[in-house]
Amino acid sequence: MSMTPEEAQNHAPKLDDVGEFLAHSLALENEAAERYDELADSMEVHNNHDVVALFRKLAEFSRMHAQEVKEIAAKYEVPHLKPWEFQWVDPEGPESGAIENSHYKMTNWHVLQLALHNEERGQKFYAGCAVLSDNADVKKLAQEFAEEESEHVDTLKEWIPRYPKPKENWDEDMDPPAVNE
Amino acid sequence: MEAVQLTAKDYKSAVKPIWCPGCGDYSVLAAITNALAEHGRPLHDVAVISGIGCSSRIPAYTSVYGFHGVHGRSLALASGVKLARPDLTVLVAGGDGDGLSIGGNHFLHACRRNVDMTYVIMDNQVYGMTKGQASPTTDADWTQSKLTPEGTGVNPVQPLTLALAAGAQFIARGFSGNPRGLAKLIYEGINHPGFSIIQVMSPCITYRPEQRDWKSMMKDSAYEATDNLAEANRRLLEEGDFSTGVIYKGPKPAFNPIGSGNTPIAEIEKEFAL
Ligand SMILES: Cc1ncc(C[n+]2csc(CCOP(=O)(O)OP(=O)(O)O)c2C)c(N)n1
Ligand code: SF4
């Protein structure tokens, strides 16, 4: 289903330079990998070992995608952008899931919800770039990347039933860190 | 030999942060390391100094020189480091409790002394490390701590207004939820010759879970930085606690100790003779 330009603006900037588009794509994947690793580390530290492996696997996938983008990028001149020069529509990249939504007792079901949210945003980012850009090469690459992201979304949707939705009191802790509660 | 381009990752140590998952300080660490990478100084030319608190753990998580000091004394320590080693880029990291309660006195004098260093003060309006007591920036009517069940009843400190009054020459506010924007503020702070202070609204999701809402409350300032003190004060009042950006960039030069400091002790003693 294609987006209208108005919708696209909610998800993507107008990038008319292939190098700049690829710089964004690389950052998107690298930052997603770093964020998943960061979450894996913090879950490890908090002894929530059940979710560490899944976070690591997601980090590994993002690194693989970064590598694929890197290979394409080798054919173009990709500029160095300072962190604040990226034109994401939100403060963070589309696949760097909101860190404040993690919890030390989160389950694999939550991890997959977070990953699904990220991949859906990534898909919309690329689809939006394809709609907004005036550059034929950017349009073509963005369309391809959007299709790949759709596949990732489908894969995650297949995985989700493997992990049952946790009970409502999943975050209950008999020895909570917050004594005020 | 060609200089190696360092990335933000190079400025992170192998120590895994023990912050609560979701703590704003993770993003502050990312912003600091991103700003350092853009600045491009070698690891051995940078020092990060702190006091005590969750936020003060940052030196352990960076790969540059670090000193995890005494509660409230980070600015005094950092001033010493910078004066002894003016060639270093010095950053200071800490919390509102560390910097404004026990360290409040050092805060005032660091602002007026204007030693060339960058202070990143992570404001979560609570003492996180000691399990959630009110800090100097906590609202007077916050009742969630058993120590102050009816609120503190005390007006919260406005860190940037205080810094401005005390003579700080670079004043900015950032948000951990916008780590890229924050990296830019820290980068500019490092480039500013003199004391730069960046107040970072960094949620404590464990003891102040309602601070998750800051994400929808923070906004970019409508103004560019000013060099006019009265105007900076007016903007701080007008835009309130949730606007981000560089507010004030003043013209005063950085602290530069004059004299050789080698007056003989006997001469000094004469001053104290009864
Ligand atoms: C001299 C001294 N007094 C008191 C303490 C206890 N103490 C440790 S951290 C802290 C406050 C932490 O709050 P803040 O600086 O805001 O940092 P946060 O943990 O919220 O990041 C206090 C009072 C101490 N370690 N040393
Ligand atoms: S207690 Fe609060 S400030 Fe400390 S690590 Fe946890 S969330 Fe962060």
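Quick notes on the rules
- Residues numbered from 1 in each chain as written.
- Chains lettered and ligands numbered in written order.
- Predicted model: local features only at pLDDT ≥ 70, side-chain atom pairs only at ≥ 80, totals over all residues.
- Heavy atoms only, no water.
- Helix = DSSP H or I, 4+ residues; strand = E, 2+ residues; numbered from the N terminus.
- Buried < 20%, exposed > 50% of the residue type's maximum accessible area, 1.4 Å probe, protein only.
- Core = buried A, V, L, I, M, F, W, Y, C linked by side-chain atoms within 4.5 Å.
- Contact = heavy atoms within 4.5 Å.
- Near = heavy atom within 4 Å.
- Polar contact = N/O pair within 3.5 Å; in protein donor to acceptor, adjacent residues only side chain to side chain.
- Areas by Shrake-Rupley, 256 points an atom, 1.4 Å probe, with all protein chains shown as cover.
- Nonpolar A, V, L, I, M, F, W, Y, C, P; charged D, E, K, R; others polar.
- Phe/Tyr/Trp six-rings, centres within 6.5 Å; stacked < 30°, edge-to-face > 60°.
- Axes fitted to C-alpha atoms, helices over the stretch in contact; angles between N-to-C directions.
- Parallel < 35°, antiparallel > 145°, perpendicular 65-115°, else oblique.
- Salt bridge = Lys/Arg side-chain N within 4 Å of Asp/Glu carboxyl O.
- Pairing = 2+ DSSP bridges.
- Right-handed = clockwise from strand over helix to strand, strands pointing away.
- Patch = residues over 30% accessible without salt bridge, like charges linked within 9 Å, V, L, I, M, F, W, Y side chains within 5 Å.
- Left-handed = near helix turned anticlockwise from the far one by under 90°.

Engineer: Explanation requested: the side chain of Ser135(B) in the structure shown.
Structural biologist: In this structure, Ser135(B) sits in the loop between strand E4 (118-123) and helix H5 (159-166). In this structure Ser135(B) comes out as buried when scored by relative accessible area, which is 7%.

Engineer: Please clarify how the nonpolar core should be interpreted in this entry.
Structural biologist: In globular proteins that are soluble, nonpolar side chains generally tend to be buried together. Within the largest apolar cluster, 56 residues are counted, with the highest numbers of intra-cluster contacts made by Phe55(A), Ile58(B) and Ile186(B). Once residues lying within four places of it in the same chain are set aside, the contact partners of Ile186(B) are Ala31(B), Ile32(B), Ala35(B), Leu91(B), Thr118(B), Val120(B) and Ile198(B). Membership of the second largest hydrophobic core comes to 28 residues, among which are Ala8(A), Leu28(A), Ile72(A) and Phe86(A).

Engineer: What is the right way to look at the site of ligand 1 in this model?
Structural biologist: All names here are of chain B. Close to ligand 1 lie 16 residues; Cys 54, Ser 55, Gly 97, Asp 98 and Gly 128 are nearest. With respect to ligand 1, the side chain of Ser 55 contributes an N or O atom lying 2.7 Å from an oxygen atom. The contact in question runs from an oxygen atom of ligand 1 to an N or O atom on the backbone of Gly 97, over 2.8 Å. Calculation on ligand 1 without its partners gives an accessible area of 590 Å², and the protein chains cover 74% of this total. It is helix H3 (residues 96-102) that provides the largest number of residues to the shell around ligand 1, a total of four residues. Looking at the shell around ligand 1, its residues break down into six nonpolar, eight polar and two charged.

Engineer: Got a minute to help me understand the packing of aromatic side chains in this structure?
Structural biologist: When we look at a pair of aromatic rings, we describe it by the centre distance and by the angle of the planes. Using the criterion set out here, one finds 14 aromatic pairs over all chains in the structure. With a centroid separation of 5.1 Å and 45 degrees between ring planes, the pair formed by Trp84(A) and Tyr187(B) is classed as tilted. Of this pair, Trp84(A) sits in the loop between helix H3 (49-73) and helix H4 (108-132) while Tyr187(B) is found in helix H6 (residues 179-191), placing the two residues in two different chains. Ring centres of Tyr126(A) and Phe145(A) lie 5.2 Å apart, and the angle between their planes is 75 degrees; on these two criteria the pair is classed as edge-to-face. Highlighted residues: Tyr126(A) in helix H4 and Phe145(A) in helix H5 (residues 136-159), separated in sequence by 19 residues. Tyr126(A) sits in the buried class, given a relative accessible area of 1%.

Engineer: Got a minute to help me understand the packing of helix H2 (residues 18-45) of chain A against H4(A) in this structure?
Structural biologist: How two helices pack is summed up by the angle between their axes together with the distance between the axes. All names here are of chain A. At a minimum axis separation of 12 Å, H2 and H4 run at an interaxial angle of 175 degrees. With respect to their mutual orientation, H2 and H4 come out roughly antiparallel. From H2, Phe 21, His 24, Ser 25, Leu 28, Glu 29, Tyr 36 and Leu 39 reach across to H4, where they touch Leu 114, Ala 115, Asn 118, Phe 125, Tyr 126 and Cys 129. When its residues are assigned to classes, the contact of H2 with H4 shows nine nonpolar, three polar and one charged.

Engineer: In this structure, what is going on with the pattern of salt bridges? I would like to understand it.
Structural biologist: A side chain with one charge may pair with a side chain of the opposite charge, provided their charged atoms come close. Summed over the entire model, instances satisfying the criterion amount to 22 salt bridges over all chains. With a shortest N-O distance of 2.6 Å, Lys14(A) and Asp134(A) are connected by a salt bridge. With Lys14(A) in the loop between helix H1 (5-8) and H2 and Asp134(A) in the loop between H4 and H5, this pair connects stretches of sequence that are 120 residues apart. A salt bridge links Asp41(A) to Arg56(A), with the shortest nitrogen-to-oxygen separation between them at 2.7 Å. Of this pair, Asp41(A) sits in helix H2 while Arg56(A) sits in helix H3, and the two are 15 residues apart along the sequence. One continuous salt-bridge network, built from bridges that share partners, spans Asp37(A), Asp41(A), Glu44(A), Arg56(A), Glu60(A), Arg63(A) and Lys16(B).

Engineer: Could you clarify how one ought to interpret the pairing of strand E6 (residues 196-201) of chain B in this entry?
Structural biologist: Successive residues of a regular strand alternate their side chains across the two faces of the sheet. Residue and element names in this part refer to chain B. Judged by how many residues are buried, E6 sits mostly within the fold: six of six residues are covered. Both faces of E6 are covered, namely the face carrying Ser 196, Ile 198 and Val 200 and the face carrying Ile 197, Gln 199 and Met 201. Bridge analysis of E4 against E6 gives six bridges, and the strand direction is parallel. Bridging across to E6, Met 122 finds its partner in Val 200. Two elements, strand E5 (residues 170-175) and E6, share six bridges in a ladder whose sense is parallel. Note on E6: the bridge partner recorded for Arg 173 is Gln 199. Following the backbone out of E5, through H6 and into the adjacent parallel E6, one traces a crossover that is right-handed.

Engineer: I tried to follow a nonpolar patch on the surface on my own but got confused; where do I start?
Structural biologist: All names here are of chain B. There is a patch of nonpolar side chains on the surface, built from Ile 265, Ile 268 and Phe 272 and spanning about 340 Å² of accessible area. Mapped onto the elements, Ile 268 comes out in helix H9 (residues 265-272). Overall, Ile 268 belongs to the partly exposed group, its relative accessible area being 38%.

Engineer: Sorry, what's going on with the pairing of strand E3 (residues 89-95) of chain B here?
Structural biologist: Residues and elements named next belong to chain B. The element E3 is extensively covered by neighbouring structure, given that seven of its seven residues are classed as buried. Side chains Thr 89, Leu 91, Ala 93 and Gly 95 project from E3 onto one buried face, and the interleaved Val 90, Val 92 and Gly 94 project onto a second face that is buried too. Strand direction decides the pairing type here: strand E1 (residues 46-50) and E3, joined by five bridges, are parallel. Bridging from a neighbouring strand, Ser 50 pairs with Ala 93 of E3. As judged from the five bridges shared by E3 and E4, these two strands associate in the parallel manner. Bridge assignment links Gly 94 to a residue of E4, and that residue is Ile 121.

Engineer: Before we go on, may I ask you to explain the packing of helix H4 (residues 104-113) of chain B against H5(B) in this structure?
Structural biologist: Residues and elements named next belong to chain B. In contact at an axis separation of 8 Å, H4 and H5 are set at 50 degrees when each is read in the N-to-C sense. When the interaxial angle is binned, H4 and H5 end up oblique. Remark: the crossing between H4 and H5 carries right-handed chirality. Of the residues in H5, those in contact with Phe 107, Leu 108, Cys 111 and Arg 112 of H4 are Pro 159, Leu 162, Ala 163 and Ala 166. Broken down by class, the residue content of the contact of H4 with H5 amounts to seven nonpolar, no polar and one charged.

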